[in-house]
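An overview of the molecular structure
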Protein chains: 2
Amino acid sequence: MPMFDPTFVNTFHSPIGAHCSLTLGMPANEKKTHGGLGVQLGKPADEDVFIGVQSADDENLIQALPFFVADESTGSEDFVDSDLGMDDHYMGDLPGVRVEAFTPDQIVRRLDVGSDVWTVGDLTVRIDSPVRTLPDPHAKTPDHDALKLATCPAVTIELTVDNTKGAAPRVVFLGYAGHDASEKMRQFDRPDDRELGVVGIARGFTRGFASADPRVVSGQAFSLAALVKPVNPQNRRFALGPVAALTAEVPAGARETFRFAAVFYTPGVVTSGQNCAYFYTRYFDRLETVAKYALDHFDDYRGWADDADRWLARADTLNPAQRFQLVHTIRSYYGSTEFLDRLDASRHAVPLSHDGRTPMWVVNEGEYRMLNTFDLAVDMLFYELRMHPWTVRDVLEHYVERYSYEDQVRFPGDDTLHPGGVSFTHDHGANNHFSPPHYSSYEASGIRGCFSYMTHEQLLNFICTAGTYLHHTGDTAWRDKHAGLWERLLTSCENRDHPEPSKRNGVMSLDSSRCDGGAEITTYDSLDTSLGQARNNGYMAVKGWASYLLLEKVFRDRGEDALAERAAAQAKRAADTLVANVGGDGTLPALLNEEAGESRIISVIEGLVFPQRGGREDALAADGPFAALLAALRTHTEKVLQPGVCRFDDGAWKLSSTSINSWLSKIYLSQHVARAILGVELDPTADDAHAAWLCRPGNNAYWAWSDQHHSGVAKGSKYYPRGVTTALWLDEAGVHDAPG
Amino acid sequence: MPMFDPTFVNTFHSPIGAHCSLTLGMPANEKKTHGGLGVQLGKPADEDVFIGVQSADDENLIQALPFFVADESTGSEDFVDSDLGMDDHYMGDLPGVRVEAFTPDQIVRRLDVGSDVWTVGDLTVRIDSPVRTLPDPHAKTPDHDALKLATCPAVTIELTVDNTKGAAPRVVFLGYAGHDASEKMRQFDRPDDRELGVVGIARGFTRGFASADPRVVSGQAFSLAALVKPVNPQNRRFALGPVAALTAEVPAGARETFRFAAVFYTPGVVTSGQNCAYFYTRYFDRLETVAKYALDHFDDYRGWADDADRWLARADTLNPAQRFQLVHTIRSYYGSTEFLDRLDASRHAVPLSHDGRTPMWVVNEGEYRMLNTFDLAVDMLFYELRMHPWTVRDVLEHYVERYSYEDQVRFPGDDTLHPGGVSFTHDHGANNHFSPPHYSSYEASGIRGCFSYMTHEQLLNFICTAGTYLHHTGDTAWRDKHAGLWERLLTSCENRDHPEPSKRNGVMSLDSSRCDGGAEITTYDSLDTSLGQARNNGYMAVKGWASYLLLEKVFRDRGEDALAERAAAQAKRAADTLVANVGGDGTLPALLNEEAGESRIISVIEGLVFPQRGGREDALAADGPFAALLAALRTHTEKVLQPGVCRFDDGAWKLSSTSINSWLSKIYLSQHVARAILGVELDPTADDAHAAWLCRPGNNAYWAWSDQHHSGVAKGSKYYPRGVTTALWLDEAGVHDAPG
């Protein structure tokens, strides 16, 4: 009996880079449905999805997966009010026909990273999602065939009905009800759609389901029943109802399979601040051509899904809870990806061509939809380097070009300004609106908690991300393009330590002038000061140490030894400061030096991943120059992972001993560090506990993968891409490649 | 003391042809706000709008018109959960600052057709809406300057604060909170916006508020308070909150006026079935350029609003209830107008030019958003002929080109098919989706009530609309372009009477083959058979009589006397049948001939308006050829308007004696016919009753102008354009022109 069951958990089924998802898994209740076709959305679409078949036993019984509200009003009451006593039936359901959800006990789900298969009685539903490498679109001659296949905004769906024992034909269906007040349902009914060979249903221009199967017909009505058993088949062309469906008949005695695609399309300029269109608009001009292409390449996508499933299967040393979390986090990542083209000239006409476009990679921050949030980028780095390393460079480049700034710094409680240096914004904007150059959507002045500046953290994030990218790719051209930057980064780090070199201890002591009297925070913005405060934070100190190490390597590789020595000296100071802060119980306090308190944090070890991934394994040697630090962190980890410190009652990890808010992405990362770098033996039941959190019915199941859990309940950073820190586990399992 | 008070009634403030509205008037309650910036919507936007000023007496008191939910959650709880016990304030409100709505007793509103002015204390808010003629865009050399000014998708707003007695500066504001899950708030902050000289706030790309006043700044936050009294003024650039506002300071001792515009923009291809873009995209490429132009032409729009108000003031023989209903219906009409261009070639690129575009006029059907519904077009005809007669031709042409069809007919209960003829669909589609050629979105087969075919009614609607258009404009070129059509129309009418000419009685007796066993209905689709059934319907019979008269005139004008005689003969038969059906009490039954029952309807007189407007006043002479019919209808009207028949208890008109469902647009039309054609003296308290319906708090006030009322409660055809049958009253008052 597993501790977790993902059968009724919402999961993403997303194309790559289209910021959209067919989200399904959590059943509807009486009032609300929880899945659907979401486009540019930080949440499930909450639209009825109808997937099912007429019963073999009762032609008046229509059965569907439980992704719709059974007794929902149909919309026909806006036209005809029953209190008028009209004596005639209208264009609705035939008497006696009923639509019911399959019951939970009838449903078997096999959720994998590429495929997702529901089996219920003689109906099988399979949805394939692409998990694939992306060629570099900045290449001199980009591989457009591969890019088109990888970015086509669709996921493919197959419905199979085994009616071999059936005595009558049965109608199988795939439909949904869009409830947007402005963008309403339609059928693909243009003459040129018929030329294309596709039939479909859509909500406006942005999302729908399509088929190229000539047996499939489309329809629209006030209810599903009116489409499965219409008063008159001609009435399927009715266009006022909120329900649309694709239907087909399965003859008696036959087993038939029907292919569909969930298709998405967001036309035109989709961002402000900088004008961008989706990259895929180079290849597709509307929903209908997306459908045609996706259905023509159905077999390719099937193959990709199988490849992805086999790829994950190779990681067979991971436990089932880990593998489920890999599946769940990888799916969630793609739902937030947004592969754009920045447009050179005209803001309104987006041509179907490659001219005047520069590719731009964006990952949205889940429910918050901030663009390329740097403290997420640094965590998703490991997955992205495996799948499409050019996206890491793309984001870094965007930070350098538009979202860097120079500041000054000051000590807390002191107005004196000291030299600061270069740093980077928290994000590139939010909700598809790029923020003005040099400013994020998030950071505000004059405050000390959530929404304050993260100047120092983003500086470290840049160094860690860039250093890891450079080591992974060997992209010396990019490194040398920014030849002057590396010293500026070093100086900026040093200046935030202490204005007087002799007083430096390797750890941040000054806040950015942008705080304007407030105080810098860290990515852990909703935790207490154990992780929320930037200055003297142990988590930041280790990350700072790692940054100096990665900078040192850049300088050495470039032959700039004097700079390398400066970086190395700062790394040593940081390590010494950390070691000096080890308490009598062998643990490090969350806040170092004078601010020490009772908090203990797991996250202090996080930064160790960067020497590991950034080409500084030498610094991690148990008998190397930082042996004392490593020993201290190992002991710290073992101690805080004891019950009652950084553990919840269910065995799950508690990032800070003084907060009930724990973040799974960071837990995954710290688990990897503990196991693979510190060699700490971990209790695998924690993985079960984390998986069980994610499968908990209600809020947790609704939001697909969420990061911030309060005692196991998803509370923030929901519907989130950051969880792909799980990619680090694949290396532990010896899987170092990408699917296919 | 008036019987009606429109102070707290939602009204449209809409540009011409942009299918959008700043709807305001109904106050928010604790849970829901009722106005806002709606785009392509069949309902108010339900978004918070903030219009107000800091109190003169208390700088911590921010007062606004009651168009927002006072205690709404701010969205910040998605980022910071208060149960974490964080000890710091975040980027939200300053302690002690509160936002309150002005109380109803403080608010004075002066609602007119062009202007709408709220006065509350020392704040005055004026919104001007364009009510203007539209030049013909199909002209060889269209007047693009006039078209640009008339179609610019904006309404202008002025806020004045009298702070002459104030001892401190006060912040005045115009803001709103968009709650769409995908399209979120932003500020205009591009460098080229600053070059344009506009500052604005927007929900995505489609709607917002802007100013060109250099004293005005933009901001975004979790609450209005954070923008009026920010922790730090720099934080206005924060981009995560759902509230955005334009703010400005009114110095102590000063009286200052600030100009704004509500701006709308829907880019790209906005329709399916036929590819169309908004006509205004010829002139404007985005929200920002709309704002710039509207604000540059603020004085023009002010002048237009004054012209419109003066124009209506000239109709001084109308009572206040009638004038309010003119204001309300004209405003509602524009909210549903959608002035498009059909695109010739590429479906995805909509160039900023006049090439490859053919203008197309669409009126949406209010909450139902059906396109150019014919049974509305025939009612809105009189207003449109006054303001922009080319739109009438445009819609007729669209019906001829794409939405006509040929059918056969049959008697009820008999499968034998007889020759039918040409007719027209109910509509051109719905929700911006054009239906396939020759089919409406609405009509379905095999049924007898709502959603059945309206073949005969739409045939009559075509003849009445075309005949009236031809008489009004003298457009013989268009008449002769369709030289063969007029006889086909006549034949189609005759064939629906009886297949054997000798058995014709001038009245419809056969249903279209498209009904496929069902029965035709009329526009009164939600009434009982008194008005809902087409065959032998008295309302249809008079409209049929009028159609024959208008056809007769077309034939006479074209010198086709034999055809004219055929039409005249049918008119005579219809009149005779009607007169023969007068009962012992002097009234006509709703259903003629064998189907007579107890129902009595006012609407039987409706069709008299077409001879009046279509050049057949001769047929309406009291001593003319149809004297008996006119006398019968006059007596009928006087009888049914007695209490207990076609009146509600409050004196309002009840279209059918057997239904509580009464339609204001049709009441207005019948009132005109009764007064101006039949010379019936009407009780003016009915106008007060109708105005009181529209001003009733709750549903009625929410939906702005609605058509279908059940015993005075708005139940269907809400947020509706059809009420401009009030335009007929202007002629009664001697106002025959358009504003300006």
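Residues numbered from 1 in each chain as written. Chains lettered and ligands numbered in written order. Predicted model: local features only at pLDDT ≥ 70, side-chain atom pairs only at ≥ 80, totals over all residues. Heavy atoms only, no water.

Moving on to the overall build of chain A. For chain A, the count of helices and strands is 20 helices and 27 strands. Seen through its principal axes, chain A has C-alpha atoms that stretch 90 × 60 × 50 Å. Out of the 740 residues belonging to chain A, those deemed buried represent 68%. Considering only residue pairs separated by 6 or more positions, chain A has 71% of its internal contacts joining residues 24 or more positions apart. In the form shown here, chain A has an accessible surface area of approximately 22400 Å², with 50% of it arising from carbon and sulfur atoms. Each charge sign in chain A was given a centre, from 69 positive and 101 negative side chains, and these centres are 2 Å apart. (Helix = DSSP H or I, 4+ residues; strand = E, 2+ residues; numbered from the N terminus. Buried < 20%, exposed > 50% of the residue type's maximum accessible area, 1.4 Å probe, protein only. Contact = heavy atoms within 4.5 Å. Areas by Shrake-Rupley, 256 points an atom, 1.4 Å probe, with all protein chains shown as cover. Lys, Arg positive; Asp, Glu negative; His and termini not counted. Charge placed at Lys NZ, Arg CZ, Asp CG, Glu CD.)

The next point concerns the interface of chain B and chain A. Of the residues lining the interface, 78 residues belong to chain B; the matching set on chain A comes to 78 residues. Between chain B and chain A lies a buried interface of about 6600 Å² when both sides are counted; carbon and sulfur atoms form 57% of it. Between the two partners, chain B and chain A, sit zero salt bridges. The tally of links between chain B and chain A comes to 14 residue pairs in polar contact (both at pLDDT 80 or more). If you list the elements that add at least two residues to the side of chain B that touches chain A, you get β11 (185–187), β23 (433–434) and β27 (713–716) of chain B. Here the side of chain B that touches chain A is built from residues that sort into 34 nonpolar, 23 polar and 21 charged. (Buried area = accessible area lost by both parts, 1.4 Å probe. Salt bridge = Lys/Arg side-chain N within 4 Å of Asp/Glu carboxyl O. Polar contact = N/O pair within 3.5 Å; in protein donor to acceptor, adjacent residues only side chain to side chain. Nonpolar A, V, L, I, M, F, W, Y, C, P; charged D, E, K, R; others polar.)

Glancing now at unusual backbone geometry. Residue and element names in this part refer to chain B. In this model, asparagine 431 sits at a positive phi of 55 degrees, which is unusual for a non-glycine residue. Following the sequence through the fold, asparagine 431 ends up in the loop between β22 (429–430) and β23. Residue asparagine 431 is classed as buried on the basis of its relative accessible area, which comes to 7%. Positive phi, normally seen in glycine, also occurs at aspartate 516, with a value near 55 degrees.

Least-squares fitting of chain B to chain A yields an RMSD of 0.0 Å, with the transformation described by 0.0 Å of translation along the axis and a rotation of 180 degrees. Overall, the copies show the geometry of a two-fold rotation axis. In this assembly the copies share their binding face: 100% of the residues contributing to the interface of chain B also contribute to that of chain A. (Least-squares fit on C-alpha atoms with pLDDT ≥ 70 in both.)

What follows covers the environment of glycine 241 of chain B. All names here are of chain B. Topologically, glycine 241 is positioned in the loop between α3 (225–228) and β15 (243–250). The buried category is assigned to glycine 241, whose relative accessible area is 2%. Placed 332 residues apart in sequence, glycine 241 and arginine 573 show a C-alpha to C-alpha distance of 69 Å. Setting aside chain neighbours within four positions, we find glycine 241 in contact with Met185, Gln220, Ala221 and Phe222.

Let us now look at the packing of aromatic side chains. For any pair of aromatic rings, the description rests on two quantities: the centre-to-centre distance and the angle between the ring planes. Residue and element names in this part refer to chain B. With the rule as written, the count across this model stands at 79 aromatic pairs over all chains. Ring geometry for phenylalanine 67 versus tryptophan 118: centroids 5.8 Å apart, planes at 70 degrees, classification edge-to-face. Here phenylalanine 67 is found in the loop between β4 (61–64) and β5 (98–101), whereas its partner tryptophan 118 is found in strand β7 (residues 115–120), with 51 residues between them in sequence. Taking the relative accessible area as the measure of exposure, tryptophan 118 reaches 1% and is therefore buried. Look at tyrosine 524 and tyrosine 539: their rings are 5.2 Å apart centre to centre, the planes differ by 85 degrees, and that puts the pair in the edge-to-face class. Placement of tyrosine 524 in the loop between β24 (511–512) and α12 (529–532) and of tyrosine 539 in helix α13 (residues 538–557) is noted, with a sequence separation of 15 residues between them. Residue classification places tyrosine 524 among the buried positions, given a relative accessible area of 0%. (Phe/Tyr/Trp six-rings, centres within 6.5 Å; stacked < 30°, edge-to-face > 60°.)

Residues and elements named next belong to chain B. Orientation of helix α8 (residues 389–401) relative to helix α9 (residues 455–473), taken along the N-to-C sense of each, is 140 degrees, at an axis distance of 10 Å. Here the hand of the crossing between α8 and α9 comes out left-handed. Across from Pro389, Val392, Arg393, Leu396 and Val400 in α8, the residues of α9 making contact are Phe462, Thr465, Ala466, Tyr469 and Thr473. Tallied by class, the residues present in the contact of α8 with α9 amount to seven nonpolar, two polar and one charged. (Axes fitted to C-alpha atoms, helices over the stretch in contact; angles between N-to-C directions. Left-handed = near helix turned anticlockwise from the far one by under 90°.)

Okay, the pairing of strand β14 (residues 217–221) of chain B next. Residue and element names in this part refer to chain B. Where burial is concerned, most of β14 is hidden: four out of the five residues are buried. Strand direction decides the pairing type here: β14 and β15, joined by five bridges, are antiparallel. For glycine 219, the partnering residue across the bridge sits in β15 and is alanine 245. (Pairing = 2+ DSSP bridges.)

Moving on to the sheet that holds β15 of chain B. All names here are of chain B. If you walk across this open sheet you meet the six strands as β5-β4-β3-β10-β15-β14, and the pairing is mixed. Each edge of the open sheet is held by one strand with a lone partner, namely β5 and β14. When the angles between neighbouring strand axes are averaged without regard to direction, this sheet yields 30 degrees.

Another aspect to go through is helix α9 (residues 455–473) of chain A. One full turn of an α-helix is made of 3.6 residues, so residues set three or four places apart face in the same direction. Residues and elements named next belong to chain A. End to end, α9 covers 27 Å across 19 residues, agreeing with the expected 27 Å (1.5 Å per residue, within 8%). Most of α9 sits out of view: 16 of its 19 residues are buried. Phi turns positive one or two residues past the end of α9, at glycine 474, with a value near 65 degrees. (Expected span 1.5 Å × (residues − 1).)

Strand pairing in a sheet relies on backbone hydrogen bonds. The paired strands run either parallel or antiparallel. All names here are of chain B. Strand order in the open sheet formed by three strands is β21-β20-β24, with antiparallel pairing between adjacent strands. The open sheet has two edge strands with one neighbour each: β21 (418–424) and β24. Each of β20 (404–410), β21 and β24 touches α9; the most contacted strand, β21, lies at about 55 degrees to it. Here helix α11 (residues 485–497) sits on the sheet and contacts β20, β21 and β24; the angle it forms with β21, its principal contact strand, is near 130 degrees.

Coordinates in, geometry out; function isn't part of it.
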